[in-house]
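Here are the chains, one letter per residue:
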Amino acid sequence: MPEYSISPTDEKFQLPGPDDYRKEFQRLKEVASEQRALGREIVLVMGLGFVGAVMAAVVADAQDEKGKPTKFVIGMQRPSTRSFWKIPLLQRGISPMSSEDPEVPLMINRCVNEKKTLTATYTYDALKLADVVVVDVQCDYLKESLGNVKDGRADMAALEESLEIIGQHITTETLVLIETTVAPGTTEQVGYPIIKKAFRKRGIDSDPLLAHSFERVMPGKNYVASIRDFWRVCSGVNEESTRRVVKFLNEVLNTEKFPLTVLDRPIESETAKIVENSFRATILAFLDEWSLFAERNGVDLIKVINAIKVRPTHDNIIFPGPGIGGYCLPKDGGLGLWAYHHVHGFEDDIFKITPLAIDINDTRALHVAHLTRDAFRNMGRPIASAEILVLGASYREDVGDTRYSGSELIVRRLTEMGAELRVHDPYILHWWEFEKQDDYPASSHSLKRFFRGQEKLNYLRIEQDLNKALDRADAVIFAVRHKHYLSLDPDEVVKNAGGPIAVIDCFGILDDERIKRYFELGCEVKGLGRGHVKRIKDQVRAKREQLLLDISMRGEKRDLSSSTGDLELLRNGCKLGVED
Ligand SMILES: NC(=O)c1ccc[n+]([C@@H]2O[C@H](COP(=O)([O-])OP(=O)(O)OC[C@H]3O[C@@H](n4cnc5c(N)ncnc54)[C@H](O)[C@@H]3O)[C@@H](O)[C@H]2O)c1
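Note that the structure is a prediction, hence the values are computed from the model and not measured.

Participant: Would you take a moment to explain the overall build of the protein chain for this structure?
Facilitator: Of regular secondary structure, the protein chain possesses 20 helices and 18 strands. Compactness check: the protein chain gives a C-alpha radius of gyration of 27 Å against a globular reference of 25 Å for 580 residues, within 12% of the reference. Considering the protein chain as a whole, with its 580 residues, one finds that 55% of them fall into the buried category. Within the protein chain, contacts between residues separated by at least 24 positions form 75% of all contacts whose residues are at least 6 apart in sequence. The average position of the 79 basic charges and that of the 88 acidic charges among the side chains of the protein chain differ by 2 Å.

Participant: Would you mind going over the site of the ligand with me for this structure?
Facilitator: Lining the immediate environment of the ligand, one finds 27 residues, of which Val-51, Gln-77, Lys-86, Thr-181 and Arg-403 sit closest. Gln-77 places a side-chain nitrogen or oxygen 2.5 Å from an oxygen atom of the ligand. Contact distances for the ligand include 2.8 Å between an oxygen atom and a backbone N or O atom of Thr-181. Relative to its unbound accessible surface of 830 Å², the ligand loses 94% to contact with the protein. Class assignment of the residues belonging to the shell around the ligand gives a composition of twelve nonpolar, eight polar and seven charged.

Participant: Honestly, the pairing of strand S14 (residues 420-424) in this entry has me stumped. Any pointers?
Facilitator: Most of S14 is tucked away, with four of its five residues classed as buried. In this structure, strand S13 (residues 387-391) lies alongside S14, joined through five bridges in parallel fashion. Bridging from a neighbouring strand, Glu-387 pairs with Glu-420 of S14. In this region the chain leaves S13, passes through helix H14 (residues 406-416) and returns to the parallel neighbour S14; the handedness of that crossover is right-handed.

Participant: What's the story with helix H6 (residues 186-201) in this structure? I'm lost.
Facilitator: Structurally, the α-helix is built with 3.6 residues per turn, so residues lying three or four positions apart point the same way. Taking 1.5 Å per residue, 16 residues should reach 22 Å; H6 reaches 21 Å between its end C-alpha atoms and fits that length. Maximum bend of H6: about 30°, positioned at Tyr-192, with proline Pro-193 one to four residues after it.

Participant: Sorry if this is basic, but what is going on with the packing of helix H9 (residues 266-296) against helix H12 (residues 353-363) here?
Facilitator: A packed helix pair is summarised by two numbers, namely the angle formed by the two axes and the spacing between the axes. Contact geometry for H9 and H12: axes closest at 8 Å, N-to-C directions at 60°. Here H12 runs oblique to H9, going by the angle between their axes. Classified by chirality, the crossing of H12 by H9 is left-handed. In this structure, H9 contributes Ser-278, Ala-281, Thr-282, Leu-284, Ala-285 and Asp-288 to the contact, and H12 contributes Ile-353, Thr-354, Ala-357, Ile-360 and Asn-361. Residue classes in the contact of H9 with H12 are distributed as six nonpolar, four polar and one charged.

Participant: Help me understand the packing of aromatic side chains, please; the structure alone is not making it clear to me.
Facilitator: The geometry of an aromatic ring pair is captured by two quantities: the separation of the ring centres and the angle between the planes. The tally for this structure, following the rule as stated, stands at nine aromatic pairs. When the centroid spacing of 5.0 Å and the interplanar angle of 85° are considered together, the rings of Tyr-21 and Tyr-122 count as edge-to-face. Taken together, the residues span a long stretch of sequence, with Tyr-21 in helix H1 (residues 18-37) and Tyr-122 in the loop between strand S5 (118-121) and strand S6 (132-135) at a distance of 101 residues. Centroid distance Trp-431 to Phe-434: 4.6 Å. Interplanar angle 85°. Geometry classified as edge-to-face. Members of the aromatic cluster, joined through ring pairs, are Tyr-21, Phe-84 and Tyr-122.

Participant: Would you explain the state of the cysteines in this entry?
Facilitator: By definition, a disulfide links two cysteine residues through a covalent bond between their sulfur atoms. Counted according to the given criterion, the structure contains zero disulfides. As a non-bridged cysteine, Cys-328 has Cys-139 as the owner of its nearest cysteine sulfur, 11 Å distant.

Participant: What is the right way to look at H12 in this model?
Facilitator: Buried within H12 are the following residues: Thr-354, Pro-355, Ala-357, Ile-358, Asp-359, Asn-361 and Asp-362. Buried residues belonging to H12 abut strand S7 (140-143), H9, helix H11 (329-342) and H14.

Participant: Would you mind showing me how to read empty space enclosed by the protein here?
Facilitator: To find leftover empty space, one rolls a probe the size of a water molecule over the atoms. In the structure shown here, the tally under the stated rule is two cavities of 30 Å³ or more. In this structure, the largest cavity encloses a volume near 50 Å³. In terms of lining residues, the largest cavity is bounded by Phe-50, Met-97, Ser-98, Ser-99, Glu-100, Pro-219, Tyr-223, Val-399, Gly-400 and Asp-401. The class makeup of the residues in the lining of the largest cavity is five nonpolar, three polar and two charged. The computed volume of the second largest cavity comes to approximately 40 Å³. If you trace the second largest cavity, you find it lined by Pro-322, Gly-323, Ser-394, Tyr-395, Ser-405, Gly-406, Ser-407, Ala-479, Val-480 and Phe-507. Considering only residue class, the lining of the second largest cavity consists of five nonpolar, five polar and no charged.

Participant: Help me understand the pattern of salt bridges in this model?
Facilitator: Counting across every chain of the model gives 48 salt bridges. Taking the shortest distance from any N to any O, the salt bridge between Glu-251 and Lys-71 comes out at 2.5 Å. Highlighted residues: Glu-251 in helix H8 (residues 239-252) and Lys-71 in strand S4 (residues 71-76), separated in sequence by 180 residues. For Asp-288, the salt bridge identified is with Arg-364, shortest N-O distance 2.8 Å. Of this pair, Asp-288 sits in helix H9 while Arg-364 sits in the loop between H12 and helix H13 (366-379); the two residues are 76 residues apart in sequence, bridging distant segments of the chain.

Participant: Got a minute to help me understand unusual backbone geometry in this structure?
Facilitator: Backbone phi values are negative for most residues with the exception of glycine, while trans is the configuration of most peptide bonds. Phi at Lys-116 is positive, roughly 55°, even though this residue is not glycine. Of note, Lys-116 is situated in the loop between helix H4 (103-114) and S5. A positive phi angle, near 55°, is found at Tyr-404, a position not held by glycine. In this structure, Tyr-404 sits in the loop between S13 and H14. Take Tyr-404: its relative accessible area is 32%, and that puts it in the partly exposed class.

Participant: Teacher, can you tell me more about the sheet that holds S13 here?
Facilitator: Either a parallel or an antiparallel arrangement is found when strands of a sheet pair, and the pairing is made through backbone hydrogen bonds. Taken together, six strands build an open sheet; the order of strands is S15-S14-S13-S16-S17-S18 and the sheet is parallel. Two strands close off the open sheet at either side, each with one partner strand: strand S15 (462-463) and strand S18 (524-527).

Participant: What exactly am I supposed to notice about the environment of Met-156 here?
Facilitator: Tracing the backbone through its elements, the reader meets Met-156 in the loop between strand S8 (152-155) and helix H5 (157-169). On a C-alpha basis, the gap between Met-156 and Cys-139 in space is 5.2 Å, while along the polypeptide they are 17 residues apart. Beyond its immediate stretch of four places on either side in the chain, Met-156 contacts Cys-139, Thr-186, Val-190 and Trp-338.

Conventions used here
- Residues numbered from 1 in each chain as written.
- Predicted model: local features only at pLDDT ≥ 70, side-chain atom pairs only at ≥ 80, totals over all residues.
- Heavy atoms only, no water.
- Helix = DSSP H or I, 4+ residues; strand = E, 2+ residues; numbered from the N terminus.
- Rg over C-alpha atoms; globule rule 2.2 N^0.38 Å.
- Buried < 20%, exposed > 50% of the residue type's maximum accessible area, 1.4 Å probe, protein only.
- Contact = heavy atoms within 4.5 Å.
- Lys, Arg positive; Asp, Glu negative; His and termini not counted.
- Charge placed at Lys NZ, Arg CZ, Asp CG, Glu CD.
- Near = heavy atom within 4 Å.
- Polar contact = N/O pair within 3.5 Å; in protein donor to acceptor, adjacent residues only side chain to side chain.
- Areas by Shrake-Rupley, 256 points an atom, 1.4 Å probe, with all protein chains shown as cover.
- Nonpolar A, V, L, I, M, F, W, Y, C, P; charged D, E, K, R; others polar.
- Pairing = 2+ DSSP bridges.
- Right-handed = clockwise from strand over helix to strand, strands pointing away.
- Expected span 1.5 Å × (residues − 1).
- Bend = angle between axes of the 7 residues up to and from the residue.
- Axes fitted to C-alpha atoms, helices over the stretch in contact; angles between N-to-C directions.
- Parallel < 35°, antiparallel > 145°, perpendicular 65-115°, else oblique.
- Left-handed = near helix turned anticlockwise from the far one by under 90°.
- Phe/Tyr/Trp six-rings, centres within 6.5 Å; stacked < 30°, edge-to-face > 60°.
- Disulfide = S-S within 2.5 Å.
- 1 Å grid on protein atoms, 1.4 Å probe; cavity = no way out; pocket = protein on both sides within 12 Å on 5 of 7 lines; lining within 4 Å.
- Points joined across faces, edges and corners; volume = space filled by probe spheres on them.
- Salt bridge = Lys/Arg side-chain N within 4 Å of Asp/Glu carboxyl O.

Right, here's the structure in full:
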């Protein structure tokens, strides 16, 4: 039976059979020899994921001072049912990943269809043709429990398999550049021996040329620039590898403006990546306790942070939102801890801050469920069966990337508590973490396993129409700072919902005027780090009481027709009566 791979737009592609492999290699041999005749190096990018697909295009777009392309790139991807579709799409010049950066589709189309410097393939034989192999396959960190990163392990299977295959196919002159974020020590202590062993099996006496240079790519509207026009760190396992990696990166990246940092050994480059991301995870986690402090003591942490940021020495202080997602920050520190024990063989426990930061970040979103529960309690409503709308599924603003987003945990916890969840996100069509929760991101690794009653989330679909999403909602959770949510009018929101709702602000999205207006409309408002909402609520309540007093003092019905705000305030007044 033929097997198929289905693209996100539901196009069906048959997986290649044995005959196809032979023909495909023949095609690549011909194209590579034509390209060599044009003086171009052959670069193979292994792994056409978020990073590899765009890195392949950046390399294919590289040119010399005269504007002549210097590289021909073969993007290589496993022909699995899950990923094979990326190959035929890329061969047509279509980006296999959606991006908010308009340069991504333009560059891929240009390189495939105009410059003809980019193709894609599934056959490992393509490795035989490469002068440089760039490895962009994943290296995961698998957590066995929620909120305890120490209970986990690095999953290097894809990387180890890739390196073994590389060793079986490349020439002795091929430079292998690992861009994957790895456990520090991997290039020299795992990768180098794997390739060397494969060389020896092939009767090759020379040693592999191997280097590491990590990606700092940032999803969003500057995706391409974050690869091409950004500082890089690199290092080779020996002098020749270092010389080759420096030459390669100078040829494909904008190193004139963003100079390379060359470190002595790959473990230093690998550690730089892990420390960089652990530092970021730590400064984000640091504010979690102050966020709680703010909520319990009438402090608006957003204003506090803005006040601190004025100091240039503190301008990278950053509000954490409902958890810290993305592919890298939740896992990279874990790779470091794991390497210390399992690559370098130490038994003691030197890491305190890095795991604590990750654990705090991994569970911060659960507090959003507490706030939602408390808001319902204040409104005298049950959370069970409540219709709750989450605004934003991505892990950060204005990108369509849901990996490890705080919103996933919010949905899971509130579902467990009996609520009915709906989601709106203008950047996302499918939230695979739910639609395919039994095998995404990998079978048995879904966060589903940490919560009960998750089966119905298989049917959770992203609503693209905000008004429809709001219709008869009991609560709205502002989870992501997408630009679409920053200036939503409270009157419109409440009108579309059909009455007063619970409003939870996870990211400092609501200004004080909006918070006040939600209270006036009879809503309950809560927010991460936003303790001052209680003060605003008291002011609204005091105003209502004053209005009532005025009326009773005059002993007559006051004409409120000139002040609709006052009228609503009186109508909704009873809903402000319940204490926190
Ligand atoms: N996504 C980011 O924002 C980001 C940022 C900086 C660094 N990184 C790092 O870059 C690396 C890659 O990340 P990603 O987001 O592109 O991952 P990804 O999961 O999107 O892509 C990896 C790709 O490699 C393919 N692959 C796996 N084994 C293969 C094999 N043997 N042969 C060919 N292809 C194979 C997979 O099918 C997949 O398409 C990771 O180490 C990650 O930590 C990612």
